[in-house]
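# Summary of structural features
Take a look at the letters that make up each chain.
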Amino acid sequence: MIRRLATNPAVLVLVAVVLLCVVGTVWGLQTNLSNQGGMSWTGEPSEEVLWQMRMMQISGTLTPITTFVGVAALLGLLVIASASRHRSDRPRPEEST
């Protein structure tokens, strides 16, 4: 069954999506947690401060989206794996005696 799944292009795409979503979620959480103290500056904000603010905004938006897409892709993998089982692999109902 694993060999059949490994040759299915949809499964390979979904695995890549899940891995990218895990990386995106971890990056977003790490960025949000490392900047919990907030930012303060006097006068006009520097380009570095503006860049950090942009990254915090992107990471705050990216985290829930990547989590949702990753879970959906994982569910898609489970559906494909379940649908690609042979009939002989499926459990048979017990005969009542």
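Now for a description of the structure that goes with this document. Sequence order as written defines the numbering, with residues in each chain counted from 1. In keeping with the model being predicted, local features are shown solely for residues with a pLDDT of at least 70 and side-chain atom pairs are shown and tallied solely at 80 or more, while totals for entire chains, interfaces and linings include all residues. Side-chain calculation: all heavy atoms of the structure are included, whereas hydrogens and water are not.

### Regarding the overall build of the chain
Secondary structure elements follow DSSP: runs of H or I no shorter than four residues count as helices, runs of E no shorter than two count as strands, and numbering proceeds from the N terminus. When helices and strands are tallied, the chain shows three helices and zero strands. Listing each helix as α and each strand as β along the chain from the N terminus yields α-α-α. Relative accessibility under 20% of the residue-type maximum defines a buried residue, over 50% an exposed one, and the middle range a partly exposed one, all with a 1.4 Å probe and only protein chains included. Counting over 97 residues, the chain shows a buried share of 18%. Should any heavy atoms of two residues lie within 4.5 Å, those residues are considered in contact. Sequence separation of at least 24 residues holds for 78% of the intrachain contacts in the chain that already meet a minimum separation of 6. Surface exposure of the chain reaches about 7,700 Å², of which carbon and sulfur atoms provide 66%. We get accessible surface area from the Shrake-Rupley algorithm with a probe of 1.4 Å; when it comes to residues, only the shown protein chains can shield them.

### Focus: the environment of Thr25
Relative to the helices and strands, Thr25 is located in helix α2 (residues 9-34). Overall, Thr25 belongs to the buried group, its relative accessible area being 15%. Placed 41 residues apart in sequence, Thr25 and Thr66 show a C-alpha to C-alpha distance of 5.8 Å. Each residue touching Thr25, except ones within four places of it in the same chain, is listed here: Thr63, Thr66 and Thr67.

### Concerning the nonpolar core
Residues grouped as a nonpolar core are buried Ala, Val, Leu, Ile, Met, Phe, Trp, Tyr and Cys residues, joined through side-chain atoms within 4.5 Å. Formed by Leu5, Val11, Leu14, Val18, Ala73, Leu77 and Ala81, the largest nonpolar core amounts to seven residues. For this core, the elements supplying multiple residues, two or more each, are α2 and α3 (47-83). Sequence-distant contacts of Ala73, defined by excluding residues within four places in its chain, comprise Leu14, Val17 and Val18.

### Description of the environment of Leu5
Its place among the elements puts Leu5 in helix α1 (residues 2-6). Classification of Leu5 as buried rests on a relative accessible area of 14%. Taking C-alpha positions, Leu5 is 8.2 Å from Ile80, a pair spaced 75 residues apart along the chain. Ignoring sequence-local partners within four residues, the contact set of Leu5 consists of Val11, Ile80, Ala81 and Ser84.

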